[in-house]
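# Analysis of the macromolecular model
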Amino acid sequence: MAIQKVLVIGAGQMGSGIAQVCAQAGFDVKLNDRAEEFYARGLATITKNLSRDVEKGRKTEDEKNEILGRITKSLDLSDASDVDIVIEAAVENMEIKQQIFKQLDEITPKHAILATNTSSLPITEIAAVTNRPEQVIGMHFMNPVPVMKLVEIIRGLATSDEVYTEIEEMTKKLSKVPVEVNDFPGFVSNRILMPMINEAIYTLYEGVATKEAIDDVMKLGMNHPMGPLQLADFIGLDTCLYIMEILHDGFGDSKYRPCPLLRKYVKAGWLGKKSGRGFYVYE
Ligand code: CAA
(Lines give C-alpha, C1' and ligand atoms only; values in the text may rest on other atoms or scores of the structure.)
Protein backbone atom coordinates (compact mmCIF):
# COMPACT_ATOMS: atom_id res chain seq x y z
CA MET A 1 0.00 0.00 0.00
CA ALA A 2 1.33 3.44 -0.87
CA ILE A 3 0.79 6.07 1.78
CA GLN A 4 -0.66 9.26 0.26
CA LYS A 5 -3.17 10.77 2.67
CA VAL A 6 -1.97 11.82 6.10
CA LEU A 7 -3.82 13.26 9.08
CA VAL A 8 -1.67 14.98 11.70
CA ILE A 9 -3.28 15.45 15.12
CA GLY A 10 -2.08 18.54 16.98
CA ALA A 11 -1.08 21.80 15.30
CA GLY A 12 1.44 22.77 17.97
CA GLN A 13 5.20 23.03 17.54
CA MET A 14 5.68 19.33 16.67
CA GLY A 15 2.43 18.72 14.77
CA SER A 16 2.82 21.77 12.54
CA GLY A 17 6.42 20.78 11.78
CA ILE A 18 5.33 17.23 10.90
CA ALA A 19 2.54 18.57 8.65
CA GLN A 20 5.05 20.86 6.93
CA VAL A 21 7.58 18.12 6.13
CA CYS A 22 4.81 15.77 4.95
CA ALA A 23 3.38 18.44 2.60
CA GLN A 24 6.90 19.28 1.37
CA ALA A 25 7.36 15.61 0.45
CA GLY A 26 4.14 15.62 -1.62
CA PHE A 27 1.72 13.96 0.79
CA ASP A 28 -1.86 15.27 1.14
CA VAL A 29 -2.09 16.50 4.71
CA LYS A 30 -5.01 17.24 6.97
CA LEU A 31 -3.86 19.18 10.00
CA ASN A 32 -6.18 18.56 12.93
CA ASP A 33 -6.63 20.43 16.19
CA ARG A 34 -9.47 21.05 18.64
CA ALA A 35 -10.14 24.66 17.72
CA GLU A 36 -9.73 27.03 14.78
CA GLU A 37 -7.23 29.23 16.67
CA PHE A 38 -4.79 26.32 17.26
CA TYR A 39 -4.98 25.33 13.60
CA ALA A 40 -4.46 28.96 12.53
CA ARG A 41 -1.39 29.28 14.77
CA GLY A 42 0.09 26.06 13.34
CA LEU A 43 -0.54 27.16 9.77
CA ALA A 44 1.03 30.56 10.50
CA THR A 45 4.22 28.83 11.73
CA ILE A 46 4.37 26.70 8.57
CA THR A 47 3.78 29.76 6.36
CA LYS A 48 6.55 31.66 8.18
CA ASN A 49 9.01 28.78 7.74
CA LEU A 50 8.21 28.45 4.03
CA SER A 51 8.46 32.23 3.48
CA ARG A 52 11.94 32.15 5.04
CA ASP A 53 12.88 29.38 2.58
CA VAL A 54 11.65 31.61 -0.27
CA GLU A 55 13.64 34.61 1.06
CA LYS A 56 16.76 32.45 1.29
CA GLY A 57 16.26 31.19 -2.29
CA ARG A 58 15.66 27.57 -1.25
CA LYS A 59 12.10 27.54 -2.62
CA THR A 60 10.13 29.56 -5.14
CA GLU A 61 6.89 31.35 -4.28
CA ASP A 62 5.07 28.76 -6.46
CA GLU A 63 6.60 25.86 -4.53
CA LYS A 64 5.61 27.49 -1.25
CA ASN A 65 2.01 27.86 -2.46
CA GLU A 66 1.91 24.28 -3.75
CA ILE A 67 3.06 23.00 -0.35
CA LEU A 68 0.50 25.14 1.48
CA GLY A 69 -2.15 23.94 -1.00
CA ARG A 70 -1.54 20.36 0.14
CA ILE A 71 -2.48 21.21 3.74
CA THR A 72 -6.16 21.33 4.71
CA LYS A 73 -7.85 22.23 7.94
CA SER A 74 -9.42 19.61 10.16
CA LEU A 75 -11.31 20.33 13.36
CA ASP A 76 -12.95 16.92 13.65
CA LEU A 77 -11.38 13.47 14.05
CA SER A 78 -13.97 12.03 11.65
CA ASP A 79 -11.79 13.58 8.91
CA ALA A 80 -9.55 10.53 9.47
CA SER A 81 -12.10 8.32 7.67
CA ASP A 82 -10.20 8.29 4.35
CA VAL A 83 -6.53 8.56 5.33
CA ASP A 84 -3.70 6.03 5.01
CA ILE A 85 -1.90 7.14 8.15
CA VAL A 86 -2.51 9.25 11.23
CA ILE A 87 0.45 10.84 13.00
CA GLU A 88 -0.65 11.90 16.47
CA ALA A 89 1.18 14.79 18.11
CA ALA A 90 -1.30 15.78 20.82
CA VAL A 91 -0.42 16.36 24.49
CA GLU A 92 1.79 13.87 26.32
CA ASN A 93 -0.91 12.25 28.40
CA MET A 94 -1.63 8.52 28.26
CA GLU A 95 -5.37 8.82 28.93
CA ILE A 96 -5.84 11.41 26.18
CA LYS A 97 -3.72 9.43 23.71
CA GLN A 98 -5.61 6.21 24.46
CA GLN A 99 -8.93 8.02 23.96
CA ILE A 100 -7.73 9.37 20.60
CA PHE A 101 -6.43 5.97 19.45
CA LYS A 102 -9.68 4.24 20.44
CA GLN A 103 -11.60 6.72 18.29
CA LEU A 104 -9.12 6.46 15.42
CA ASP A 105 -9.46 2.68 15.47
CA GLU A 106 -13.18 3.12 14.78
CA ILE A 107 -12.91 5.99 12.29
CA THR A 108 -9.96 5.14 10.05
CA PRO A 109 -9.96 2.62 7.17
CA LYS A 110 -8.79 -0.89 8.11
CA HIS A 111 -5.46 -0.49 6.30
CA ALA A 112 -4.54 2.78 8.05
CA ILE A 113 -1.41 2.98 10.19
CA LEU A 114 -1.75 4.77 13.53
CA ALA A 115 1.51 6.47 14.50
CA THR A 116 2.31 8.55 17.56
CA ASN A 117 4.99 11.19 17.98
CA THR A 118 5.17 10.56 21.73
CA SER A 119 8.61 11.30 23.16
CA SER A 120 8.37 8.77 25.97
CA LEU A 121 4.98 7.10 26.50
CA PRO A 122 4.89 3.32 25.84
CA ILE A 123 3.71 2.53 22.28
CA THR A 124 2.56 -0.92 23.42
CA GLU A 125 0.17 0.59 25.98
CA ILE A 126 -1.30 3.00 23.41
CA ALA A 127 -1.65 0.15 20.87
CA ALA A 128 -3.42 -2.06 23.42
CA VAL A 129 -6.63 0.01 23.27
CA THR A 130 -7.00 -0.63 19.52
CA ASN A 131 -7.99 -3.72 17.56
CA ARG A 132 -4.96 -3.28 15.31
CA PRO A 133 -1.90 -3.17 17.60
CA GLU A 134 0.23 -4.51 14.73
CA GLN A 135 -0.50 -1.23 12.87
CA VAL A 136 0.46 1.07 15.75
CA ILE A 137 3.98 2.51 15.81
CA GLY A 138 6.03 5.35 17.27
CA MET A 139 7.36 8.05 14.94
CA HIS A 140 9.38 10.34 17.16
CA PHE A 141 10.41 13.54 15.34
CA MET A 142 12.89 15.98 16.88
CA ASN A 143 12.37 19.69 17.45
CA PRO A 144 12.58 21.78 15.25
CA VAL A 145 11.06 19.22 12.90
CA PRO A 146 11.90 20.98 9.59
CA VAL A 147 15.61 21.08 10.56
CA MET A 148 16.37 17.90 12.49
CA LYS A 149 17.22 14.80 10.44
CA LEU A 150 16.26 12.06 12.89
CA VAL A 151 13.03 10.13 13.19
CA GLU A 152 13.21 7.53 15.94
CA ILE A 153 10.88 4.72 14.87
CA ILE A 154 9.60 2.75 17.83
CA ARG A 155 8.22 -0.74 17.48
CA GLY A 156 5.49 -1.63 19.95
CA LEU A 157 5.42 -5.23 21.14
CA ALA A 158 2.95 -6.18 18.38
CA THR A 159 4.07 -3.85 15.54
CA SER A 160 4.37 -5.86 12.31
CA ASP A 161 7.45 -5.91 10.09
CA GLU A 162 5.32 -4.68 7.14
CA VAL A 163 4.20 -1.60 9.06
CA TYR A 164 7.74 -0.92 10.25
CA THR A 165 9.01 -1.07 6.66
CA GLU A 166 6.27 1.28 5.40
CA ILE A 167 7.12 3.84 8.08
CA GLU A 168 10.82 3.52 7.35
CA GLU A 169 10.11 4.23 3.66
CA MET A 170 7.83 7.16 4.47
CA THR A 171 10.50 8.64 6.75
CA LYS A 172 13.04 8.51 3.91
CA LYS A 173 10.53 10.24 1.61
CA LEU A 174 10.37 13.02 4.21
CA SER A 175 14.17 13.40 3.72
CA LYS A 176 14.72 12.20 7.27
CA VAL A 177 16.86 9.39 8.63
CA PRO A 178 14.96 6.54 10.31
CA VAL A 179 16.48 4.79 13.32
CA GLU A 180 14.86 1.62 14.69
CA VAL A 181 14.27 1.40 18.42
CA ASN A 182 12.38 -0.94 20.75
CA ASP A 183 9.70 0.17 23.18
CA PHE A 184 11.42 0.89 26.52
CA PRO A 185 11.15 4.05 28.68
CA GLY A 186 12.59 7.11 26.94
CA PHE A 187 13.39 4.97 23.87
CA VAL A 188 17.01 5.87 22.95
CA SER A 189 16.87 9.65 22.45
CA ASN A 190 15.42 10.68 25.79
CA ARG A 191 17.04 7.88 27.79
CA ILE A 192 20.37 9.47 26.96
CA LEU A 193 19.47 13.16 26.50
CA MET A 194 17.35 13.71 29.62
CA PRO A 195 19.79 12.28 32.19
CA MET A 196 22.45 14.56 30.64
CA ILE A 197 20.17 17.58 31.03
CA ASN A 198 19.20 16.47 34.57
CA GLU A 199 22.90 16.13 35.47
CA ALA A 200 23.57 19.62 34.12
CA ILE A 201 20.78 20.89 36.42
CA TYR A 202 22.37 19.04 39.39
CA THR A 203 25.70 20.66 38.47
CA LEU A 204 24.03 24.08 38.72
CA TYR A 205 22.09 23.10 41.89
CA GLU A 206 25.30 22.00 43.64
CA GLY A 207 27.04 25.25 42.72
CA VAL A 208 29.75 23.61 40.65
CA ALA A 209 29.48 26.33 37.98
CA THR A 210 27.19 29.04 36.63
CA LYS A 211 24.56 28.23 34.02
CA GLU A 212 26.59 30.02 31.36
CA ALA A 213 29.74 28.08 32.30
CA ILE A 214 27.90 24.73 32.19
CA ASP A 215 26.48 25.52 28.75
CA ASP A 216 29.85 26.77 27.47
CA VAL A 217 31.58 23.54 28.55
CA MET A 218 29.16 21.43 26.51
CA LYS A 219 28.99 23.82 23.52
CA LEU A 220 32.69 24.54 23.17
CA GLY A 221 34.07 21.33 24.63
CA MET A 222 31.71 18.79 23.11
CA ASN A 223 30.48 20.68 20.05
CA HIS A 224 26.81 20.56 21.09
CA PRO A 225 24.84 23.25 19.19
CA MET A 226 23.16 24.32 22.45
CA GLY A 227 24.26 23.88 26.05
CA PRO A 228 22.11 21.47 28.12
CA LEU A 229 20.41 24.23 30.16
CA GLN A 230 19.60 26.26 27.07
CA LEU A 231 18.32 23.08 25.41
CA ALA A 232 16.17 22.29 28.47
CA ASP A 233 14.60 25.77 28.17
CA PHE A 234 14.02 25.13 24.45
CA ILE A 235 12.35 21.74 25.06
CA GLY A 236 10.32 22.99 28.07
CA LEU A 237 11.22 22.28 31.70
CA ASP A 238 7.82 20.65 32.33
CA THR A 239 8.51 18.23 29.47
CA CYS A 240 12.00 17.49 30.83
CA LEU A 241 10.56 16.76 34.29
CA TYR A 242 7.80 14.62 32.82
CA ILE A 243 10.27 12.49 30.87
CA MET A 244 12.58 12.10 33.90
CA GLU A 245 9.57 10.87 35.90
CA ILE A 246 8.80 8.31 33.19
CA LEU A 247 12.42 7.06 33.26
CA HIS A 248 12.40 6.98 37.08
CA ASP A 249 9.07 5.10 37.25
CA GLY A 250 9.82 2.84 34.29
CA PHE A 251 13.24 1.62 35.46
CA GLY A 252 12.80 2.10 39.22
CA ASP A 253 16.42 3.24 39.36
CA SER A 254 17.46 6.23 41.49
CA LYS A 255 19.93 7.32 38.84
CA TYR A 256 16.94 8.84 37.03
CA ARG A 257 15.67 10.91 40.00
CA PRO A 258 14.73 14.41 38.80
CA CYS A 259 16.83 17.22 40.27
CA PRO A 260 14.94 19.19 42.99
CA LEU A 261 15.88 22.42 41.19
CA LEU A 262 14.05 21.21 38.06
CA ARG A 263 10.94 20.50 40.17
CA LYS A 264 11.19 23.92 41.79
CA TYR A 265 11.38 25.76 38.46
CA VAL A 266 8.38 23.84 37.09
CA LYS A 267 6.38 24.59 40.26
CA ALA A 268 7.25 28.28 39.85
CA GLY A 269 5.93 28.22 36.29
CA TRP A 270 9.43 28.81 34.91
CA LEU A 271 8.99 26.43 32.01
CA GLY A 272 11.69 27.77 29.68
CA LYS A 273 11.36 29.67 26.43
CA LYS A 274 7.58 29.15 26.10
CA SER A 275 6.84 30.86 29.44
CA GLY A 276 9.46 33.60 29.02
CA ARG A 277 11.69 32.30 31.79
CA GLY A 278 13.54 29.10 32.62
CA PHE A 279 17.25 28.94 33.33
CA TYR A 280 17.46 32.04 31.13
CA VAL A 281 15.08 34.96 30.60
CA TYR A 282 13.42 35.41 27.18
CA GLU A 283 11.92 38.65 25.88
N1 CAA B 1 11.73 25.90 12.42
C2 CAA B 1 12.29 25.87 11.19
N3 CAA B 1 13.56 26.18 10.95
C4 CAA B 1 14.32 26.58 11.99
C5 CAA B 1 13.80 26.65 13.29
C6 CAA B 1 12.44 26.30 13.49
N7 CAA B 1 11.85 26.31 14.69
N8 CAA B 1 14.79 27.07 14.13
C9 CAA B 1 15.87 27.25 13.37
N10 CAA B 1 15.61 26.95 12.08
C11 CAA B 1 16.53 27.00 10.96
C12 CAA B 1 16.92 28.41 10.66
O13 CAA B 1 16.05 28.98 9.73
C14 CAA B 1 18.31 28.26 10.10
O15 CAA B 1 18.28 27.92 8.73
P16 CAA B 1 19.05 28.84 7.68
O17 CAA B 1 20.29 29.35 8.35
O18 CAA B 1 19.33 27.91 6.55
O19 CAA B 1 18.06 29.88 7.37
C20 CAA B 1 18.88 27.04 10.78
O21 CAA B 1 17.74 26.34 11.33
C22 CAA B 1 19.82 27.44 11.88
O23 CAA B 1 19.16 28.32 12.75
P24 CAA B 1 19.82 29.56 13.49
O25 CAA B 1 20.95 30.06 12.67
O26 CAA B 1 18.75 30.49 13.90
O27 CAA B 1 20.35 28.98 14.87
P28 CAA B 1 21.28 27.75 15.17
O29 CAA B 1 22.38 27.61 14.20
O30 CAA B 1 21.57 27.82 16.62
O31 CAA B 1 20.33 26.48 14.93
C32 CAA B 1 19.01 24.85 15.98
C33 CAA B 1 19.15 26.33 15.63
C34 CAA B 1 18.86 24.02 14.72
C35 CAA B 1 17.73 24.73 16.81
C36 CAA B 1 20.28 24.40 16.78
O37 CAA B 1 20.50 25.26 17.86
C38 CAA B 1 20.18 23.00 17.32
O39 CAA B 1 20.41 22.03 16.62
N40 CAA B 1 19.83 22.87 18.63
C41 CAA B 1 19.64 21.59 19.27
C42 CAA B 1 18.30 21.04 18.87
C43 CAA B 1 18.01 19.73 19.53
O44 CAA B 1 18.80 19.16 20.26
N45 CAA B 1 16.79 19.22 19.28
C46 CAA B 1 16.34 18.03 19.89
C47 CAA B 1 15.54 18.41 21.10
S48 CAA B 1 14.97 17.00 21.94
C49 CAA B 1 13.62 16.55 21.10
O50 CAA B 1 13.11 17.19 20.23
C51 CAA B 1 13.03 15.25 21.52
C52 CAA B 1 12.26 15.21 22.75
O53 CAA B 1 11.51 14.27 22.86
C54 CAA B 1 12.35 16.15 23.88
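Residues numbered from 1 in each chain as written. Predicted model: local features only at pLDDT ≥ 70, side-chain atom pairs only at ≥ 80, totals over all residues. Heavy atoms only, no water.

The name recorded for the chain in an unreviewed UniProt entry is 3-hydroxybutyryl-CoA dehydrogenase, from Tetzosporium hominis.

### Focus on the environment of isoleucine 87
Relative to the elements of secondary structure, isoleucine 87 occurs in strand S4 (residues 85-88). Residue class for isoleucine 87 comes out buried when judged on its relative accessible area of 0%. Spatially, the C-alpha atoms of isoleucine 87 and glutamine 98 are 14 Å apart, while their sequence positions differ by eleven residues. Dropping the residues within four chain positions of it, isoleucine 87 is found in contact with Val6, Leu7, Val8, Ile9, Ile18, Cys22, Ala115, Met139, Phe141 and Met170. (Helix = DSSP H or I, 4+ residues; strand = E, 2+ residues; numbered from the N terminus. Buried < 20%, exposed > 50% of the residue type's maximum accessible area, 1.4 Å probe, protein only. Contact = heavy atoms within 4.5 Å.)

### A word on the sheet that holds strand S1 (residues 5-9)
Reading across the sheet, the eight strands line up as S3-S2-S1-S4-S5-S6-S7-S8 and stay open at both edges, with mixed pairing between neighbours. Looking at strand neighbours, the two that pair on one side only are strand S3 (71-74) and strand S8 (177-182), the edges of this open sheet. Geometrically, the sheet is characterised by an average inter-axis angle of 25 degrees between neighbouring strands, direction not taken into account. Taken together, the six bridges between strand S7 (residues 150-155) and S8 define a ladder with parallel strand orientation. Its bridge partner being in S8, isoleucine 154 is matched across the sheet by valine 181. (Pairing = 2+ DSSP bridges. Axes fitted to C-alpha atoms, helices over the stretch in contact; angles between N-to-C directions.)

### Quick look at the domain arrangement of the chain
As far as domains go, the chain holds domain 1 (5-182) and domain 2 (190-275). Between the C-alpha centres of domain 1 and domain 2 the distance comes to 27 Å. Facing eight residues of domain 1, the contacting portion of domain 2 comprises five residues. In this assembly, domain 1 packs against domain 2 so that about 540 Å² is buried in total across both faces, 53% of it on carbon and sulfur atoms. One can count zero salt bridges joining domain 1 with domain 2. Scanning the region where domain 1 abuts domain 2 turns up two residue pairs in polar contact (both at pLDDT 80 or more). (Domains from an automatic or database assignment. Buried area = accessible area lost by both parts, 1.4 Å probe. Salt bridge = Lys/Arg side-chain N within 4 Å of Asp/Glu carboxyl O. Polar contact = N/O pair within 3.5 Å; in protein donor to acceptor, adjacent residues only side chain to side chain.)

### Quick look at the nonpolar core
Among the nonpolar cores identified, the biggest contains 35 residues, and Val6, Cys22, Ile85, Ile87, Met139, Phe141 and Met170 are the most heavily contacted of them. Not counting residues up to four positions away in its chain, the partners in contact with methionine 170 are Ile3, Val6, Cys22, Phe27, Ile85, Ile87 and Met139. Within the second largest apolar cluster, 24 residues are counted, among which are Phe234, Leu237, Ile243 and Tyr265. (Core = buried A, V, L, I, M, F, W, Y, C linked by side-chain atoms within 4.5 Å.)

### Describing helix H1 (residues 13-24)
Over its twelve residues, H1 runs 17 Å from end to end, which matches the ideal 16 Å to within 8%, given 1.5 Å per residue. For H1, the tally of buried residues reaches ten of twelve residues, placing the bulk of the element in the interior. Listed in full, the buried residues belonging to H1 are Met14, Gly15, Ser16, Gly17, Ile18, Ala19, Gln20, Val21, Cys22 and Ala23. Backbone geometry just after H1 places glycine 26 at a positive phi near 100 degrees. (Expected span 1.5 Å × (residues − 1).)

### Here's the deal with the site of the ligand
By nearness alone, 18 residues border the ligand, and Arg52, Arg58, His140, Asn143 and Asn190 come closest of all. Take lysine 56: an N or O atom from its side chain is 3.0 Å from an oxygen atom of the ligand. Between the ligand and arginine 58, the relevant distance is 2.5 Å, taken from an oxygen atom to a side-chain nitrogen or oxygen of the residue. Burial of the ligand by the protein chains amounts to 62% of its free accessible area of 1,000 Å². Among the secondary structure elements, those contributing two or more residues to the shell around the ligand are helix H2 (36-55), helix H7 (189-205) and helix H9 (228-235). Domain assignment of the residues forming the shell around the ligand places at least three in each of domain 1 (5-182) and domain 2 (190-275). (Near = heavy atom within 4 Å. Areas by Shrake-Rupley, 256 points an atom, 1.4 Å probe, with all protein chains shown as cover.)

### Examining the packing of H1 against H2
Where H1 contacts H2, the axes come no closer than 9 Å and their chain directions differ by 50 degrees. Overall, the two elements H1 and H2 adopt an arrangement that is oblique. For the pair H1 and H2, the crossing hand works out as right-handed. Taking contact as the criterion, the partners of Ser16, Ala19, Gln20 and Gln24 in H1 are, on H2, Gly42, Thr45, Ile46, Asn49, Leu50 and Asp53. A breakdown of the residues in the contact of H1 with H2 according to their chemical character gives three nonpolar, six polar and one charged. (Parallel < 35°, antiparallel > 145°, perpendicular 65-115°, else oblique. Left-handed = near helix turned anticlockwise from the far one by under 90°. Nonpolar A, V, L, I, M, F, W, Y, C, P; charged D, E, K, R; others polar.)

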